[in-house]
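Structure assessment
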Amino acid sequence: MQLVALNLDGVLLDDSFGPVIHRFVVERGLTWSPQAEQVVLSQSPSGAVEALGLGGSPTDVVGEFFRMREAWVREHPVRVAGGVGALLGRLRALGVQVVCYGGLGRQHFDRYLSGFAGLFDGPGYVCTADFRPGLREIAEEVFSIGGEHVLFIDDVARVAEAARGLGAAFIGRPSSSEHSFQRELMVRAGVRHMVDSLEEIDGRLLRRVDEEAADGRLWPASTASAAGYTDVPLPPETTSDTAPPDGLGVKGLSAVADTAGC
């Protein structure tokens with residue numbers, strides 16, 4: 001392992017998009033399902049809008065979404081996840097390079113993680129809004145490292161699938177929200193290691209992931225496609241009739257919103 005890449009929103013920052021995305025979708029009468037969540041996470045803006053079947057241009061959707069998010073954030077300020085400093089310290093002690101990435105603009109990284117800037121390498125933060133999910137670009141183009149030497153830590157199963165395709169290691173930090181399907185989708189994608197907090201990513205887990213990746217044991221020999229949901233036990237779908245007013249969701253339409261910051 002030569003590089004550890006950590007996602008920004010949902011990993012180093014508490015998820016500030018999921019709650020709004022879920023509400024945004026269900027308030028428009030759409031069904032929040034594993035299929036819907038899977039096709040919009042870490043997706044391009046046009047792809048997310050098309051997948052959701054929303055009318056209007058991506059620009060219009062972005063504006064409407066951000067107005068809703070701004071109102072939500074006023075009541076629920078964005079917070080740095082617990083244990084960020086300790087985790088970065090553990091990674092530095094291992095002698096690996098560390099970078100943060102995500103679809104959010106650079107200003108979000110600077111605003112919330114400037115106090116930890118010295119613990120990151122290279123550009124510190126890579127905005128992937130223009131090349132989602134961006135794993136290959138981070139490894140090969142930014143750091144000139146083969147994917148097999150990189151560990152990605154993310155909260156989205158779609159990113160796990162990309163990591164597996166790249167031959168990279170992966171640790172999932174799926175949302176604990178009642179509306180999130182990410183934990184189940186990560187299992188289906190073959191993710192072996194998932195955590196509920198950054199404190200769980202300790203030296204023992206990091207060494208284990210490194211050893212399993214080196215021995216070719218990190219990913220199972222075969223898994224069913226994450227697109228096949230019918231035989232997977234998943235939480236019930238959520239529609240506008242069942243969603244609570246302050247329901248928490250997962251990061252999905254942020255793929256559309258990402259372009260506003262980069």
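Heads up: these notes are all about the structure in this document. (Residues numbered from 1 in each chain as written. Predicted model: local features only at pLDDT ≥ 70, side-chain atom pairs only at ≥ 80, totals over all residues. Heavy atoms only, no water.)

**Some remarks on the nonpolar core**
Proteins that are soluble and globular tend to have nonpolar side chains buried together. The line we're drawing: Side-chain atoms within 4.5 Å link the members of a nonpolar core, which is a set of buried Ala, Val, Leu, Ile, Met, Phe, Trp, Tyr and Cys residues. In this scheme, a residue with accessible area under 20% of its type's maximum is buried, one over 50% is exposed, and one in between is partly exposed, where area comes from a 1.4 Å probe on protein chains only. Labels follow the DSSP assignment, with helices taken as runs of H or I lasting at least four residues and strands as runs of E lasting at least two, numbered in each case from the N terminus. Any two residues whose heavy atoms approach within 4.5 Å at even a single point are treated as in contact.
Counting 75 residues, the largest nonpolar core has L6, L12, F152, F170, I171 and I201 as its most contacted members. The element contributing the most residues to this core is helix α4 (residues 58-75), with 7 residues. The contacts of L12, once residues within four sequence positions are left out, are L6, N7, V80, A81, V84, C100, L113, F120 and L198.

**Quick word on the packing of aromatic side chains**
What counts, and what does not: Any pair of Phe, Tyr and Trp rings, taking the six-membered ring for Trp, is counted once the centres come within 6.5 Å. Such a pair is stacked with planes under 30 degrees apart, edge-to-face with planes over 60 apart, and tilted for the rest. Note on geometry: a ring has a charge over it if NZ (lysine) or CZ (arginine) is within 6 Å of the ring centre and within 35 degrees of the ring normal.
Inspection of every chain in the model, using the stated rule, returns 5 aromatic pairs. Centre to centre, the rings of F65 and F66 are 6.0 Å apart; their planes meet at 90°, and the pair counts as edge-to-face. Look at F109 and Y125: their rings are 5.3 Å apart centre to centre, the planes differ by 15°, and that puts the pair in the stacked class. In this pair, F109 is assigned in helix α6 (residues 106-113) and Y125 in strand β3 (residues 125-127), connecting sequence segments 16 residues apart. Considered together, F109 and Y125 belong to a single accessibility category, that of buried residues. Pairwise contacts between aromatic rings join F24, F65 and F66 into one cluster. The cationic tip of R28 hangs over the ring face of F24; the distance from NZ or CZ to the ring centre is 3.8 Å.

**Quick look at the pattern of salt bridges**
Heads up, the condition is: Take a side-chain nitrogen of Lys or Arg and a carboxyl oxygen of Asp or Glu: if they are within 4 Å of each other, that pair is a salt bridge.
Summed over all chains, the structure comprises 11 salt bridges. Between E64 and R28 there is a salt bridge; the shortest N-O distance is 2.4 Å. Residue E64 is located in helix α4, and its partner R28 is located in the loop between α1 (18-26) and α2 (34-40); the two are separated by 36 residues in the primary sequence. The shortest N-O distance in the salt bridge between R208 and E212 comes to 3.0 Å. In this pair, R208 and E212 both sit in helix α10 (residues 203-215), 4 residues apart, roughly one turn of the helix. By relative accessible area, E212 is classed as buried at 5%. One connected set of salt bridges, linked through shared partners, spans R136, E137, E140 and E141.

**Some remarks on unusual backbone geometry**
Omega for the bond connecting R132 with P133 falls within 30 degrees of zero, at -5°, which places this linkage in the cis form. On the secondary structure map, P133 appears in the loop between β3 and α7 (135-142). The backbone of S144 shows a phi angle near 55°, a positive value even though the residue is not glycine. With respect to the secondary-structure elements, S144 resides in the loop between α7 and β4 (150-154).

**Structural notes on the environment of C100**
Looking at the element boundaries, C100 is found in strand β2 (residues 97-102). Relative accessible area serves as the criterion here: at 0%, C100 is assigned to the buried category. Taking the C-alpha atoms as reference points, C100 and N7, separated by 93 residues in sequence, lie 5.7 Å from one another.

**What to know about the packing of helix α8 (residues 157-166) against helix α9 (residues 182-189)**
The following threshold applies: Orientation is described by lines fitted to C-alpha atoms, with helices fitted over the stretch in contact, and by angles between N-to-C directions that extend from 0 to 180 degrees. When an angle is under 35 degrees it counts as roughly parallel; over 145 it counts as roughly antiparallel; between 65 and 115 it counts as roughly perpendicular; any other value is oblique. Left-handed describes a crossing whose near helix is turned anticlockwise from the far helix through less than a right angle; right-handed describes the clockwise counterpart. Note on residue categories: nonpolar means Ala, Val, Leu, Ile, Met, Phe, Trp, Tyr, Cys or Pro, charged means Asp, Glu, Lys or Arg, and polar means any other residue, Gly included.
Relative to each other, α8 and α9 sit at 20°, their axes nearing to 8 Å. Overall, the two elements α8 and α9 adopt an arrangement that is roughly parallel. The two elements α8 and α9 meet at a crossing, and its hand is right-handed. Together, A157, R158, E161 and R164 of α8 and Q182, L185, M186 and A189 of α9 make up the contact between the two elements. Residue classes in the contact of α8 with α9 are distributed as 4 nonpolar, 1 polar and 3 charged.

**Quick notes on helix α5 (residues 84-94)**
Selection criterion: Picture the helix axis, draw a direction to every C-beta atom, and the arc is the one those directions span.
Listing the buried residues of α5 in full gives V84, L87, L88 and L91. Buried residues of α5 fall within an arc of 95° about the axis and therefore sit on the same side. Against β1 (3-7), β2, α6 and α10 lie the buried residues of α5. Once α5 ends, the next one or two residues include G95, with phi positive near 85°.

**Some words on the packing of α7 against α8**
The N-to-C vectors of α7 and α8 enclose an angle of 45°; their axes lie 9 Å apart at closest approach. Here α7 lies oblique to α8, going by the angle between them. Taking contact as the criterion, the partners of L135, R136 and E140 in α7 are, on α8, V159, A162, A163 and L166. Partitioned by chemical class, the residues of the contact of α7 with α8 number 5 nonpolar, no polar and 2 charged.

**A word on α6**
Given 3.6 residues per turn, any residue in an α-helix points the same way as the ones three and four places further on. The set of residues buried in α6 consists of H108, F109, Y112 and L113. One side of α6 holds all its buried residues, which, seen down the axis, span an arc of 100°. Where α6 is buried, its residues meet α5, β2 and β3.

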